[in-house]
Protein chains: 2
Amino acid sequence: MSKRLILLALLVAAWVVPPAARAQAADPLPSWNDGPAKARILAFVRSVTEPGGKDFVPPAERIAVFDNDGTLWSEQPIYFQLAFAIDRAKALVAKNPALAKQPALKAAAAGDLKALAARGERGLAELVAATHANVTSDEFARIVREWVATAQHPTLKRPYTSLTFQPMRELLDYLRANGFKTYIVSGGGIEFLRVLSEELYGVPPEQVIGSSIETKYEVRKGVPVIVRLPQIDFIDDKAGKPVAIHKFIGRRPIAAFGNSDGDFEMLEWTTAAPGPRLGAIVRHDDAAREFAYDRASPVGTLSRALDEAPRRGWTVISIRDDWRTVFPAAR
Amino acid sequence: MSKRLILLALLVAAWVVPPAARAQAADPLPSWNDGPAKARILAFVRSVTEPGGKDFVPPAERIAVFDNDGTLWSEQPIYFQLAFAIDRAKALVAKNPALAKQPALKAAAAGDLKALAARGERGLAELVAATHANVTSDEFARIVREWVATAQHPTLKRPYTSLTFQPMRELLDYLRANGFKTYIVSGGGIEFLRVLSEELYGVPPEQVIGSSIETKYEVRKGVPVIVRLPQIDFIDDKAGKPVAIHKFIGRRPIAAFGNSDGDFEMLEWTTAAPGPRLGAIVRHDDAAREFAYDRASPVGTLSRALDEAPRRGWTVISIRDDWRTVFPAAR
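Keep in mind the model is a prediction, meaning the values are calculated, not measured.

### Focus: the relation of the copies chain A and chain B
Then step 1. Least-squares fitting of chain A to chain B yields an RMSD of 0.0 Å, with the transformation described by 0.0 Å of translation along the axis and a rotation of 180°. Taken together, the rotation and translation describe the operation of a two-fold axis.
Then step 2. Same-surface contact between copies: 100% of interface residues of chain A are shared with the interface of chain B.

### Some thoughts on the packing of helix α8 (residues 137–150) of chain B against helix α10 (residues 190–201) of chain B
Relative placement of two packed helices is described by the angle separating their axes and the distance separating the axes.
All names here are of chain B.
Then step 1. With their axes 9 Å apart at the nearest point, α8 and α10 run at an angle of 60° to one another. As judged from the angle between their axes, α8 and α10 are oblique. You can see that α8 and α10 cross each other, and the crossing is right-handed. Within the contact between the two elements, α8 uses S137, F140, A141, V144, R145, W147 and V148 and α10 uses E191, F192, V195 and L196.
Then step 2. Class assignment of the residues belonging to the contact of α8 with α10 gives a composition of eight nonpolar, one polar and two charged.

### Thoughts on the sheet that holds strand β5 (residues 255–258) of chain A
Each strand in a sheet pairs with another by means of backbone hydrogen bonds, the pair being arranged parallel or else antiparallel.
Then step 1. Pairing is mixed in the open sheet, where seven strands are placed in the order β4-β3-β2-β1-β5-β6-β7 (chain A). Here the strands that pair on one side only, and so sit at the sheet edges, are β4 (223–234) and β7 (315–318) of chain A. Taken over all neighbouring pairs, the strand axes of this sheet differ in orientation by 35° on average, direction set aside.
Then step 2. Of the pairings in the sheet, the one linking strand β1 (residues 63–66) of chain A to β5(A) comprises three bridges and is parallel in character. Bridge assignment links A64(A) to a residue of β5(A), and that residue is A255(A).
Then step 3. Along the sheet, helix α11 (residues 240–248) of chain B contacts β3 (208–220) and β4 of chain A; its crossing angle with β3(A), the most-contacted strand, is approximately 150°.

### Regarding the interface of chain A and chain B
Then step 1. On the side of chain B, 41 residues touch chain A, which itself brings 41 residues to the contact.
Then step 2. Summing both sides of the interface, chain A and chain B together bury roughly 3400 Å²; the carbon and sulfur share of this comes to 61%.
Then step 3. Taken as a group, E206(A), Y217(A) and K247(A) account for 20% of the area that chain A buries against chain B, more than any other trio of residues on that side.
Then step 4. Across the chain A-chain B interface, the total number found is eight salt bridges.

### Notes on the side chain of H246(A)
Then step 1. Structurally, the position occupied by H246(A) is in helix α11 (residues 240–248).
Then step 2. Not counting chain neighbours up to four residues away, the residues in contact with H246(A) comprise S137(B), E191(B), R194(B) and I226(B).

### Let's talk about the nonpolar core
Then step 1. Judged by nonpolar contacts, the single largest core of 174 residues is most densely connected at M168(A), L171(A), M168(B) and L171(B).
Then step 2. Aside from chain neighbours lying at most four places away, what touches L171(A) is L29(A), W32(A), I41(A), F66(A) and F257(A).

### A short note on the packing of aromatic side chains
The description of an aromatic ring pair rests on the distance of the ring centres and on the angle between the ring planes.
Residues and elements named next belong to chain A.
Then step 1. Within this structure, the stated rule accounts for 29 aromatic pairs over all chains.
Then step 2. Here F44 and F180 contribute two aromatic rings whose centre-to-centre distance is 6.4 Å and whose plane-to-plane angle is 50°, an arrangement assigned as tilted. Of this pair, F44 sits in helix α3 (residues 36–49) while F180 sits in the loop between α9 (166–177) and β2 (181–189); the two residues are 136 residues apart in sequence, bridging distant segments of the chain. Side by side, F44 and F180 carry an identical accessibility label, which is buried.
Then step 3. Geometrically, the ring pair formed by W73 and F80 is tilted, given 4.7 Å between the ring centres and 55° between the ring planes.

### Details of the side chain of R251(B)
Then step 1. Position of R251(B) among the secondary structure elements: in the loop between α11 and β5 (255–258).
Then step 2. Sequence-distant contacts of R251(B), that is, excluding residues within four places in its chain, are made with E198(A), P204(A), P205(A), E206(A), A60(B), E61(B), I63(B) and I245(B).

### A look at the environment of G313(B)
Then step 1. The residue G313(B) is located in the loop between α13 (304–312) and β7 (315–318) in this model.
Then step 2. Taking the C-alpha atoms as reference, G313(B) lies 9.4 Å from R277(B); in sequence the two are 36 residues apart.

### Side note on the confidence of the model for chain A
All names here are of chain A.
Then step 1. Of the residues in chain A, 92% reach a pLDDT of 70 or more, and the chain-wide mean stands at 93.
Then step 2. Taking the mean pLDDT of every element in chain A, the minimum, 49, falls on helix α1 (residues 3–16) and the maximum, 99, on β1.
Then step 3. Reported confidence for the predicted complex is 0.91 by ipTM and 0.92 by pTM.

### Section: the sheet that holds strand β3 (residues 208–220) of chain B
Residues and elements named next belong to chain B.
Then step 1. Spatially, β4-β3-β2-β1-β5-β6-β7 is the arrangement adopted by the seven strands of the open sheet, whose pairing is mixed. What marks the edges here is a single partner per strand, and that holds for β4 (223–234) and β7. Strand-to-strand twist in this sheet, taken as the mean axis angle between neighbours without regard to direction, amounts to 35°.
Then step 2. Relative to β3, strand β2 (residues 181–189) is paired through three bridges, and the arrangement is parallel. Bridging across to β3, I184 finds its partner in V208.

### A short note on the pairing of strand β1 (residues 63–66) of chain B
All names here are of chain B.
Then step 1. Of the two faces of β1, the one holding I63 and V65 and the one holding A64 and F66 are both buried throughout.
Then step 2. In terms of strand pairing, β1 meets β2 through four bridges, oriented parallel. Residue pairing for β2: A64 is matched across the bridge by T182.

### Digging into the domain arrangement of chain A
All names here are of chain A.
Then step 1. The domains assigned to chain A are domain 1 (19–76 + 159–322) and domain 2 (80–150).
Then step 2. Computed from C-alpha atoms alone, the centre-to-centre distance between domain 1 and domain 2 is 27 Å.
Then step 3. Listed per partner, the contact involves 21 residues of domain 1 and 18 residues of domain 2.
Then step 4. When domain 1 packs against domain 2, the two sides together hide about 1700 Å² of surface, and 72% of this comes from carbon and sulfur.
Then step 5. In terms of surface lost to domain 2, no three residues of domain 1 exceed Y160, F192 and R228, which account for 41% of the buried area on that side.
Then step 6. Viewed at the interface, domain 2 and domain 1 are joined by zero salt bridges.
Then step 7. At the level of secondary structure, the elements contributing two or more residues to the side of domain 1 that touches domain 2 comprise β2, α10 (190–201), β3 and β4.
Then step 8. Element by element, the count of residues in the side of domain 1 that touches domain 2 is highest for β4, at six residues.

Cut-offs and rules
- Residues numbered from 1 in each chain as written.
- Chains lettered and ligands numbered in written order.
- Predicted model: local features only at pLDDT ≥ 70, side-chain atom pairs only at ≥ 80, totals over all residues.
- Heavy atoms only, no water.
- Least-squares fit on C-alpha atoms with pLDDT ≥ 70 in both.
- Contact = heavy atoms within 4.5 Å.
- Axes fitted to C-alpha atoms, helices over the stretch in contact; angles between N-to-C directions.
- Helix = DSSP H or I, 4+ residues; strand = E, 2+ residues; numbered from the N terminus.
- Parallel < 35°, antiparallel > 145°, perpendicular 65-115°, else oblique.
- Left-handed = near helix turned anticlockwise from the far one by under 90°.
- Nonpolar A, V, L, I, M, F, W, Y, C, P; charged D, E, K, R; others polar.
- Pairing = 2+ DSSP bridges.
- Buried area = accessible area lost by both parts, 1.4 Å probe.
- Salt bridge = Lys/Arg side-chain N within 4 Å of Asp/Glu carboxyl O.
- Core = buried A, V, L, I, M, F, W, Y, C linked by side-chain atoms within 4.5 Å.
- Buried < 20%, exposed > 50% of the residue type's maximum accessible area, 1.4 Å probe, protein only.
- Phe/Tyr/Trp six-rings, centres within 6.5 Å; stacked < 30°, edge-to-face > 60°.
- pLDDT = per-residue confidence, 0-100.
- Domains from an automatic or database assignment.

Here is the structure:
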């Protein structure tokens, strides 16, 4: 071949080699230590993408679902969205002290989690109504964006948005490079998460599923808006996760990643079906770099899923042993 | 260049020219007559896809939503899903005559639409419960598949699946070839439609939004299932359409296609926003080839949307004038 032809052929190769093939050339999961968890993930992806292989899965059916709190970012000492609600309660009460007449709002504004918890479900509903509802969806998105721009984690002293797990971000990229569609299926609020998901995880809003409050369509002075109402619509946790997956996606995932008993049914639904399946649990066992908790923690309790993981073939990902790095390098 | 080089370059061009550019080479909408509706659609797509153009929209935001009944397939003399419910009622009553004690089921099994309508909302709820619920999602999908394989339209004497609109199928393809993500947003049942949407329209289940009944996750003898319950969850019609679009997609579409006043709010939500927008209404005015109806029809009433179309800049697509062919050629 002529030199020009060789050059052209090389250029062409760079164009036409599918991203998946390129991703496999280098280590696609550099923040993972070599160990059983990484090996299992790599083997699974290889098996479902190998053309003509016995476990081949067509790209359209390569659906992977991820819990968010504790799976894609930290969740201690409290869910980050609860920190948002508390900060928002503070701001609202500062602006309008009369709001402190509502006990839940008063407790939240004072940062008194014990008093808030004592109000039970009713207290939580009051807090959600005051901090998440009675605004349009556009206004809510703006409020969330403003909050994440300045808020800091209480003990790690970093922005919440810097507390995503680098190994899981690599995993999301790796799966997408291999033709997977990646979904977030979170107990957290769907509209809260959608503000952040694209930037943090490369997951577009239409691939985020979460808990929701009721909304209403309204035309205000000729301008249509979606208004957020102070009523719970759906709790995307436990048995709600497979229900939501079925409703939003209408396909059964082939891979599911969680970290708590709230993800049990999602992993069960995903893995108790014929064909190649991957279920995995992130275990928080690294007090030095992140947090160490499982059975006793009220946030992200992991007990039954951990007990049943071996028998169900679920992979346990140890943060301490399996992750070389936990958080992305500071920018 | 050498001959081999030229040949290679040509091969390469066929590989790397984006699908959009190729689609524009031939007429992408051959079943459409040249006229204002076709011209408007072509101009809109050109404007939002022109790199550097003032109306350019990034691919991720190219969301187009389509009503189904009356927009993508026929809806006369009754919604096809109602025909399914009636056929299913007949089959159930034939198998278990005691079911005819339920008045709505008796009326449906007798094909007596008047008696069914006389039962009002309660009757419809009874019919849905009997024909759509108390089965798992997998069982329901199988029942729908079996029905469409044999059922025939009462007057057109063709399978329901052959009554999609060829011009709209071309439009769906054309939009996708230009980087659009196409969604169905139907008043019909989400699980009913998902069985058919990929084959009929090239729309995958995760891009189908519709009305729904409640479902429940259950483990039966170790096997997890999604069970369909006899309670309405959500009616995806009128103001419900923008609410559902916001919930499932989380982005505002830039193009919306409907055919009745049930699509009014969806078109309003889509088009009453800054930037390039396309709203269009399929008008059923062709009694010879399909059906002619609008203001007076109880199915697919089109009145307010037709009145307001000019002032809102919505394109009215006349089946009689704008479509060269209506249905796909028989296979």
